[in-house]
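Coordinates in review
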Amino acid sequence: MTQEIVDAVRVLEQEKGIAADTLMDALADALLSAYRKSPGSAKYARVDLDHETGDFRVFELILPAELEEKLLEEAIAEQERSINPETGEFNEPEEPELDPEVLEPYEDQIETRDVTPDDFGRIAAQTAKQVIYQRIREAERQMMFEEYRDRVGELITGLIQQSDKRYTLVQLRERVEALLPKSEQVYSERYDHGMRVKAVITDVSESTKGPSIVVSRRSPELIKGLFELEVPEIADKLVEIVGVAREPGYRSKIAVVSHADGVDPVGACVGPRGSRVRMVVSELRGEKIDIIPYNEEPARFVAKALSPARVREVLVDDEEMQATVVVPDDQLSLAIGRDGQNARLAARLTGWRVDIKSESDFAREESQHEYEGEEEFDGRCMAVLSSGRRCPNAAVGGSTYCQLPQHQALSRFSTSHFGILASLSDEDIAVLADPDADEAAVGALVAAAEADFVEPVEGEEPVEEDVAEDDAAAEDEAGEEIAAAEVVEAEAELIEAEAEAESEAAPQAMDEAEEAEEEAEAAEGEAE
């Protein structure tokens, strides 16, 4: 072999990045394939190629009959039986070929003979050329696969090459393309030819045409990668994104925490005048992003995760991983979000089941619920406030009430309503809250408080009007009605008397009419 061939292999090594030994081995396989297609070639042969000088020799391998028969039987046993689709019968296995790699362990039993041809000929040279090209392509594909196999989850930038209803091809670099399937695209985004786009590698696998690289625009890792590009504190590990919840194309929530004193994680991600988060939103085509400070306390974390809604209080159940969130009535729709989006994202971000209730609904449920016996105790103070809501404080150890003396005093009564203490003084409440107080004194105070207390009934509105005022108003109204009746009666008598006087013209009738008129005037005066 000429020195030009060796020089060409070295040039390929520099241009393609393929090791020279790999190219030399490919050249040796090409020479072996070319020899096998030469007339009169040996059944078993191998090629020895010197990688430094390029000299090669072809040796015929002469196998003992017993060894050949044994190796052929082993090769046939390893072959899988296939079915002919036309006849439905099993295909007869073809006689396998024994590769030089199979014969290497038996070199001491195999004789060799130099059969190097003087000239391979045109067909043999063409075969060698095809084999070399094939091996170079295979080596390139393997190099690409090794390059990208460990980059799963990494953010990459590419150019849109082709886009249709099924998938989109993204060119990462020369001769390297990635697949952006429909399931990993954001429905509201357009992918035009030549557009530069950022995506996350989700899968890398081998295929006959090279490494199959799948990228995504829907993965939560995309947001992490974009913030790492824009926020130096995240790249330097001073700020960490501990969680991402995303509905692609609509809204995302990220939880951030700082690992350095004096570094505000939310402010670092937002940037001066929102410049950093604005760049991320621009890359995501206008998708809204909520940046939430991470908190180890579940109640505070859930409350922050429901941003931008304001939260009144959060009740957590550690065993069931469920949080009941109470919000003002005017914040209920904002906390739930459009089609429940805000609540869903908060639940995904925190890992807790979130139940959102308005203050009025929560107070109504609390007033309907009966807190009797140990079965219903859930760790919160069982005192029911005058507003009808339950005390949000945690109960102290060994009690079902919080540490407030007024609430501890409720343990002496059969009801948990705070209104039963209305008739007691602070000194009396202190006596009831003292577990070592005299039982006789406690009993007297309990009896007095229960005698003055009326359990409020749900739905019953308090009577605010004064009964005495109602009675006085009723008497005044009745008096006015009686006076008006007397006036009417007196006027009727006057009219009747005048009529009699005119008809009979009797002096007696005139006197009676005058008396009736005087009585009518007197009745009007009394009515006024």
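Structure's up top.
Residues numbered from 1 in each chain as written. Predicted model: local features only at pLDDT ≥ 70, side-chain atom pairs only at ≥ 80, totals over all residues. Heavy atoms only, no water.

Considering the pattern of salt bridges
One pass over the full model with this rule turns up 18 salt bridges. Here Glu147 and Arg151 are joined by a salt bridge, their closest N and O atoms 3.8 Å apart. Here Glu147 falls in the partly exposed class, since its relative accessible area comes to 33%. We note a salt bridge from Lys253 to Asp290, for which the minimum N-O separation is 3.0 Å. One end of the pair, Lys253, is in strand S10 (residues 251–258); the other, Asp290, is in strand S11 (residues 288–293), and 37 residues separate them in sequence. Given the relative accessible area of 12%, Asp290 is considered buried. (Salt bridge = Lys/Arg side-chain N within 4 Å of Asp/Glu carboxyl O. Buried < 20%, exposed > 50% of the residue type's maximum accessible area, 1.4 Å probe, protein only. Helix = DSSP H or I, 4+ residues; strand = E, 2+ residues; numbered from the N terminus.)

Examining the packing of helix H15 (residues 426–433) against helix H16 (residues 439–452)
Between H15 and H16, the shortest axis-to-axis distance is 10 Å and the interhelical angle comes to 120°. Taken together, H15 and H16 sit at an angle that is classed as oblique. In terms of crossing hand, the pair formed by H15 and H16 is left-handed. Contacts between H15 and H16 involve Asp428, Val431 and Leu432 from the first element and Val442, Leu445 and Val446 from the second. Its residues assigned to classes, the contact of H15 with H16 comprises five nonpolar, no polar and one charged. (Axes fitted to C-alpha atoms, helices over the stretch in contact; angles between N-to-C directions. Parallel < 35°, antiparallel > 145°, perpendicular 65-115°, else oblique. Left-handed = near helix turned anticlockwise from the far one by under 90°. Contact = heavy atoms within 4.5 Å. Nonpolar A, V, L, I, M, F, W, Y, C, P; charged D, E, K, R; others polar.)

Describing the environment of Arg390
Here Arg390 shows up in the loop between helix H13 (359–368) and helix H14 (405–409). The class of Arg390 is buried, set by a relative accessible area of 3%. Residues Arg390 and Phe418, spaced 28 residues apart in sequence, show a C-alpha to C-alpha distance of 9.9 Å.

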